[in-house]
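In case you want the letters, here they are:
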Protein chains: 2
Amino acid sequence: MAKINDNFLKLPGSYLFANIAHKVTTYKEEHPDAKVIKLGIGDVTQPLPQASIEAMHGAIEDLATKERFHGYGPEQGYKFLQDTIIKNDYNPLGIDLDSTEVFVNDGAKSDTGNIGDILAVDNKVGVTDPIYPVYIDSNVMGGRSGDLQKNGMWSNIVYTPCSADNHFIPQLPKEKVDIMYLCYPNNPTGTTLTKAQLKTWVDWALANDVLIMFDSAYEAYITEKDVPHSIYEIEGAKKCAIEFRSFSKTAGFTGVRCGYTVVPKELMATAANGEKVALNGIWNRRQCTKFNGASYITQRGAEATYSEAGKKQVRKTIDFYMGNAKIMKQELEAVGLTTFGGVNAPYVWVKTPRGMTSWEFFDEMLHQANVVGTPGAGFGPSGEGYYRLSAFGERENCLEAMERIKNWLKK
Amino acid sequence: MAKINDNFLKLPGSYLFANIAHKVTTYKEEHPDAKVIKLGIGDVTQPLPQASIEAMHGAIEDLATKERFHGYGPEQGYKFLQDTIIKNDYNPLGIDLDSTEVFVNDGAKSDTGNIGDILAVDNKVGVTDPIYPVYIDSNVMGGRSGDLQKNGMWSNIVYTPCSADNHFIPQLPKEKVDIMYLCYPNNPTGTTLTKAQLKTWVDWALANDVLIMFDSAYEAYITEKDVPHSIYEIEGAKKCAIEFRSFSKTAGFTGVRCGYTVVPKELMATAANGEKVALNGIWNRRQCTKFNGASYITQRGAEATYSEAGKKQVRKTIDFYMGNAKIMKQELEAVGLTTFGGVNAPYVWVKTPRGMTSWEFFDEMLHQANVVGTPGAGFGPSGEGYYRLSAFGERENCLEAMERIKNWLKK
């Protein structure tokens, strides 16, 4: 009989956001009149940039004609989009890339998971903690995790804790690590690394032959000067890092699905015989075999976010969300809560008061203020005692939620 | 240092269609005036159904408003599409499915490759030969292939040959197989199995605990009554088969990217401890972790192919392509070539004349008739001595190509 990949059975039964949804549904059933405000999942709420709307209408009209019909596109993405990405996202940072180093995809979640396909099972994985769950879960499926221990950590994964105790600056792992996941601006904590701090990681990776998976899905939210937008701003990073980007949070594409992965040509890893192999070619082969390119319509929409009009529209929406973040930080701190993040990222990371666990805080906030966020413990053991609030909501919901939280905590 | 998945190094350097493209480019450089007609890659050429065009314009307008904005959709696809698929593609065949058994994706290629994620490495894989290359290549990457031998076969994969010798009806494997890939209507041969013939496979799978991967991406091209559109038309198939479907060839979505995978709830496989595990839940977990749903716009476009207008438009385009297939078969047979397929599938599978190899036939046809198809050997050892011509072209190109082939072969 066909045998399953047993690693799947190691994963805990239910997923963080499914748990939350279940608790909210139960509460609503018991309190049908309650108006619950959700600041939980990091999903956007504002319409797409008008430039993308227009470009996608145009792309659909292309597909309505024989002359401008587009069938199978390149698995790596259309060159018009690859070149536009390089010109706008990298060249201004002083980074030069070839179009064959940029792989357009259907969203960063897919590739941060799928990238494991090209790497051996016996690589040792390191993560900062707390962390976006996909990095770990996809490595559990891929057989690199070992077993889940009582402390919430996987036995074969190296965790570097990030909390207020170390100002959310992760220490370099002392153990051997082959692959290290870094996400900056960070999901869930909303904190960042300065250029000097990220340089420490790049230097360590180069010295120890570590492959860094750098997720910069939130780079468009950076407001401070000394915070790098791309890991390739750091010298030598092309020799040690893959970078994942997304249009989801930049341009509201969570439902449209587009992102990209940069695999520099000079980035190498080792074959079993000790030879060095360029990851670019291997990832290209993976994509050609198991992916057929992102939608032509989507790619035209993504391209339009870089037009003059598109850039302004994107900036306006990001500023709007960051306005929410500012209000949230101010109001929460006004009632005595300690907050982190929210300056270069659309997430505010709240220290739970009075020694509450993150799930206790979740339950109380749901019941007392009818506001839903995400318990920090859901992102890993070091998230315990913290709580994530997303700035992606409507302004009125944001204000109302803060009012309710204040009233609850003043009691 | 990070180690690569060494299985990638087993794959031959260049991919079939890249090889073909290289030969064509070289020929064109040497003969700049030649007008080469491509009947090679199975890509569509006709515009999308107008119903899909309109639905996608509407979906984009949804995303332009706050009120009708759609962010992250369900990883499994929107229920509006799942239900429409079941109602139109399955219920009329007497097949009942629950929406949780239908997983909408960004195209069948992705899932026929990704499905390997949920299965153990030590499963024995069987394929009919010749075959769509993704099934084997993704299993090479997944570590299930063994090594490529001089005869063009992988040492750990079981091949069941399909050729004129056995009327393209594959024999049941004599060796033990855990996972069997079947594609009907077949790519590349264009041949089909009758219900009774497919029942032999389902009965064998049930008796031998084999998991069948059934790719029915071309089912919309079936014209004969006794040819099953879905494997679930065969009793018991829900206990042994996953079915892959696509809007690419049905509705011209090769550039829009949408398909779906059916994983029935009663379909089980074995864990290492011998327990039976439902694949539906495991695939769901895979999709929730490594996929974020297909584009909302795409899913509205796919839904519209099932409207009254959409169905008529889809049918018209398919009839057009099948008109090409009919012409091709007639004309090729008129010059003495033996052809297969082309009746329930948009591919005509031509026996090469005078004992030519498929690549010899490719080269001669390119040089003598300036027509490009796909050498059968590119699809596996049993494809040697055959040649695939696609019916997805323009009518005038199809007629012109047949005229040129006739003139060449009459010489």
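Remember, predicted model here, so these are calculated numbers, not experimental data.

A. How the structure looks around the relation of the copies chain B and chain A. Mapping chain B onto chain A leaves a residual RMSD of 0.0 Å; the transformation is a rotation of 180 degrees accompanied by 0.0 Å of translation along its axis. Viewed as a symmetry operation, the transformation between the two copies matches a two-fold axis. Identified as the residue of chain B closest to the rotation axis by C-alpha distance is H57 of chain B, at 3.0 Å. Taken together, the interface assignments show that 100% of the residues at the interface of chain B recur at the interface of chain A, consistent with an identical surface on both copies.

B. How the structure looks around the domain arrangement of chain A. Residue and element names in this part refer to chain A. The assigned domain composition of chain A is domain 1 (11–47 + 311–410) and domain 2 (52–308). For domain 1 and domain 2, the distance between their C-alpha centres works out to 26 Å. Contacts between the two partners involve 31 residues from domain 1, matched on the other side by 44 residues from domain 2. Both faces combined, the contact of domain 1 with domain 2 buries some 2,900 Å², and carbon together with sulfur accounts for 61% of it. Contact with domain 2 buries area across many residues of domain 1, yet L11, K311 and N344 alone supply 25% of it, more than any other trio. At the level of secondary structure, the elements contributing two or more residues to the side of domain 1 that touches domain 2 comprise α10 (308–334), β11 (339–341), β12 (347–351) and β15 (386–390). In terms of residue class, the side of domain 1 that touches domain 2 is made up of 18 nonpolar, eight polar and five charged.

C. Spatial organisation of unusual backbone geometry. Residue and element names in this part refer to chain A. Here the amide bond leading from Y184 into P185 is cis, since omega sits at -10 degrees, within 30 degrees of zero. Within the element layout of this structure, P185 appears in the loop between β5 (179–183) and α6 (195–208). The residue after N187, namely P188, is reached through a cis peptide bond having omega 20 degrees. Tracing the backbone shows P188 in the loop between β5 and α6.

D. Quick peek at empty space enclosed by the protein. Going through the model one piece at a time under the given rule, you end up with seven cavities of 30 Å³ or more. Approximately 130 Å³ is the volume attributed to the largest cavity. Secondary structure elements with two or more residues in the lining of the largest cavity: α4 (108–114) and α8 (279–290) of chain A together with α4 (108–114) and α8 (279–290) of chain B. Residues that form the lining of the largest cavity fall into these classes: two nonpolar, eight polar and eight charged. Empty space within the second largest cavity amounts to approximately 110 Å³. Residue lining of the second largest cavity: 15 residues in total, with D106 and S295 of chain A together with D106, R257 and S295 of chain B positioned closest to the centre.

E. Spotlight on the packing of helix α5 (residues 133–141) of chain A against α8 of chain B. It is at 9 Å that the axes of α5 of chain A and α8 of chain B come closest, and there the two elements cross at 140 degrees. Judged by the inter-axis angle, α5 of chain A sits oblique to α8 of chain B. For the element pair α5 of chain A and α8 of chain B, the recorded crossing hand is left-handed. For the pair α5 of chain A and α8 of chain B, the contacting residues are V134, D137, S138 and M141 of chain A in the first and R285, R286, T289 and K290 of chain B in the second. Here the contact of α5 of chain A with α8 of chain B is built from residues that sort into two nonpolar, two polar and four charged.

F. Inspection of the pairing of strand β8 (residues 259–262) of chain B at higher detail. Residues and elements named next belong to chain B. The two faces of β8 match: G259 and T261 on one face and Y260 and V262 on the other face are all buried. Sheet topology places strand β2 (residues 102–105) next to β8; four bridges connect them, and they run antiparallel. The residue bridging F103 from the neighbouring strand is T261, located in β8.

G. View of helix α12 (residues 395–410) of chain A. All names here are of chain A. A rise of 1.5 Å per residue sets the reference length of α12, with its 16 residues, at 22 Å; its end C-alpha atoms lie 22 Å apart and thus fit the reference within 8%. Considered for burial, the residues of α12 that qualify are C398, A401, M402, R404, I405, K406, W408 and L409. Contacts from the buried residues of α12 go to β1 (37–38), α10, α11 (358–369), β13 (371–372) and β15.

H. Quick peek at the side chain of K109 of chain B. Residue position: K109 of chain B is located in helix α4. Overall, K109 of chain B belongs to the buried group, its relative accessible area being 7%. At 2.5 Å, the side chain of K109 of chain B and the backbone oxygen of C288 of chain A are in polar contact. Among residues more than four places away in sequence, those in contact with K109 of chain B are E75, Q287, C288, T289, K290, F291 and N292 of chain A together with Y132 and V134 of chain B.

I. Here's a closer look at the interface of chain B and chain A. Taken together, the contact pairs 83 residues of chain B with 83 residues of chain A. Taking both sides of the interface into account, the surface hidden between chain B and chain A amounts to around 7,100 Å²; carbon and sulfur atoms contribute 59%. Counting the surface chain B buries against chain A, the share from its top three residues, M1, K3 and R285 of chain B, is 12%. Taken together, the connections running from chain B to chain A amount to eight salt bridges. Scanning the region where chain B abuts chain A turns up 42 residue pairs in polar contact (both at pLDDT 80 or more). Listing elements by their share of the side of chain B that touches chain A, those giving two or more residues are α2 (50–63), α4, α5 (133–141), β9 (268–270), β10 (276–278), α8 and α9 (296–304) of chain B. With eight residues, the single largest contributor to the side of chain B that touches chain A is α8 of chain B. By residue class, the composition of the side of chain B that touches chain A is 39 nonpolar, 23 polar and 21 charged.

Rules behind the numbers
Going along each chain's sequence as written, the residues are numbered from 1 onward. Just so you know, chain letters begin at A and ligand numbers begin at 1, following the order they were written in. Restriction of local features to residues with pLDDT of at least 70 applies here, the model being predicted, together with a cutoff of 80 or more for giving and counting side-chain atom pairs; totals for whole chains, interfaces and linings are based on all residues. Water and hydrogen atoms were dropped before computing side-chain values, which therefore reflect all heavy atoms in the structure. Residues below a pLDDT of 70 in either copy are left out; the C-alpha atoms of the rest, at least 70 in both, set the least-squares superposition of the copies. Here, two residues are considered to be in contact whenever any of their heavy atoms come within 4.5 Å of each other. What counts as a domain boundary in this text is fixed by an automatic or database domain assignment. Two parts placed together each lose some accessible area; with a 1.4 Å probe, that loss summed over both constitutes the buried area. Counting from the N terminus, the helices are the DSSP runs of H or I reaching at least four residues and the strands are the DSSP runs of E reaching at least two. Three categories are distinguished: nonpolar for Ala, Val, Leu, Ile, Met, Phe, Trp, Tyr, Cys and Pro, charged for Asp, Glu, Lys and Arg, and polar for the others, with Gly belonging to the last. Only protein atoms enter the 1 Å grid used here. Points where a 1.4 Å probe fits but cannot escape make up a cavity, open sets with protein on both sides within 12 Å along at least five of seven lines make up a pocket, and a residue lines them when an atom lies within 4 Å of a point. Grid points are joined across faces, edges and corners, and a volume is the space filled by probe spheres set on the points. To get an axis, a line is fitted to the C-alpha atoms, and for a helix only the part in contact is used. The angle between two axes follows their N-to-C directions and goes from 0 to 180 degrees. Should an angle fall under 35 degrees it is called roughly parallel, over 145 degrees roughly antiparallel, and 65 to 115 degrees roughly perpendicular, with every other angle called oblique. Crossings are sorted by hand: turned counterclockwise from the far helix by less than a right angle, the near helix makes the crossing left-handed, and turned clockwise it makes it right-handed. Each residue is assigned to one of three classes by its accessible area relative to the maximum for its type, calculated with a 1.4 Å probe on protein chains only: buried under 20%, partly exposed between the two thresholds, exposed over 50%. Think of it this way: DSSP has to see at least two bridges between two strands before they count as a pair. Multiplying 1.5 Å by the helix residue count minus one yields the expected span of that helix. Two N or O atoms count as a polar contact when they lie within 3.5 Å, although within protein this holds only if one can serve as hydrogen donor and the other as acceptor, and sequence-adjacent residues are included solely when both atoms are side-chain atoms. When a carboxyl oxygen of Asp or Glu lies within 4 Å of a side-chain nitrogen of Lys or Arg, that pair is called a salt bridge.

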